[in-house]
Amino acid sequence: MELPKHLADWLESFSREIAMRPSQFIATILTYFYEAWKVGRESAFAATREPYKKKEQSLDEIVERFSREVKLGRNIFILRKFVSWIQQRGLGVGSIDEEAVNAFLNAYLEGRAVKKNTVDRYRGILRRFVEYLATKRDTD
């Protein structure tokens, strides 16, 4: 490494004053700057990665988004009841499938007089939600 004469002279005299060889003094300075650079680089990298981290969505947030996309309107109540039923059983999003839809509808309809076309509408809404979850899992 070549230094201008005035810096080489200063390095020689200053390193003697602090009881170091010039190479030790340069290594100390470089280590300080290297560590600062590393910290800055790592935090900059973390900051650029942060926006890309996917926030885990709650089931309620997923229901709201699905409801807006599909325009469920007042029919959202059956989906909310279904999700509440799922959550009461401690089931996760991965457990929501056709079998869960059927079990929920059997439990929900028990003791209720509901027309067949209404039951079919409920089943259709819940099936679409199951399909929606499956496509979201595949794309996430």
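Scroll up to find the structure this text is about.
Residues numbered from 1 in each chain as written. Predicted model: local features only at pLDDT ≥ 70, side-chain atom pairs only at ≥ 80, totals over all residues. Heavy atoms only, no water.

## A few points about the pattern of salt bridges
- All chains considered together, the criterion is met by six salt bridges.
- Salt-bridge contacts for Glu35 lead to Lys38; the nearest nitrogen and oxygen are separated by 3.9 Å. Of this pair, Glu35 and Lys38 both sit in helix H2 (residues 22-49), three residues apart, which is roughly one turn of the helix.
- Judged by its relative accessible area of 36%, Glu35 falls in the partly exposed class. (Salt bridge = Lys/Arg side-chain N within 4 Å of Asp/Glu carboxyl O. Helix = DSSP H or I, 4+ residues; strand = E, 2+ residues; numbered from the N terminus. Buried < 20%, exposed > 50% of the residue type's maximum accessible area, 1.4 Å probe, protein only.)

## Some details on helix H4 (residues 76-88)
- The end-to-end C-alpha distance of H4 is 18 Å, a good match for the 18 Å that 13 residues give at a rise of 1.5 Å each.
- Looking at H4, one finds that the buried residues are Ile76, Ile78, Leu79, Phe82, Val83, Trp85 and Ile86.
- With its phi angle positive at about 70°, Gly90 sits one or two positions after the end of H4. (Expected span 1.5 Å × (residues − 1).)

## Re the nonpolar core
- Membership of the largest hydrophobic core comes to 27 residues, with the highest contact counts inside it found for Leu79, Phe82, Ile96, Phe104 and Phe129.
- Those elements giving two or more residues to this core turn out to be helix H3 (59-70), H4, helix H5 (98-109) and helix H6 (116-139).
- The element that contributes the greatest number of residues to this core is H6, accounting for eight residues.
- Setting aside chain neighbours within four positions, we find Phe104 in contact with Ile78, Lys81, Phe82, Trp85 and Leu126. (Core = buried A, V, L, I, M, F, W, Y, C linked by side-chain atoms within 4.5 Å. Contact = heavy atoms within 4.5 Å.)

## A word on H5
- With 12 residues, H5 extends 16 Å from end C-alpha to end C-alpha; this agrees with the ideal 16 Å at 1.5 Å per step.
- Within H5 the residues assigned to the buried category are Ala100, Val101, Phe104, Leu105, Tyr108 and Leu109. The buried residues of H5 occupy an angular sector of 145° when projected down its axis, which confines them to one face. Residues of H5 that are exposed and point over 90 degrees away from its buried face: Glu99 and Asn106. (Arc of directions from axis to C-beta.)

## Some words on the packing of H4 against H5
- Relative orientation of the contacting elements H4 and H5 amounts to 105°, with a least axis distance of 10 Å. Between H4 and H5, the angle falls in the class roughly perpendicular. When H4 is examined against H5, the residues Phe77, Ile78, Lys81, Phe82, Trp85 and Ile86 are found in contact with a partner set consisting of Ala100, Val101, Ala103, Phe104, Ala107 and Tyr108. (Axes fitted to C-alpha atoms, helices over the stretch in contact; angles between N-to-C directions. Parallel < 35°, antiparallel > 145°, perpendicular 65-115°, else oblique.)

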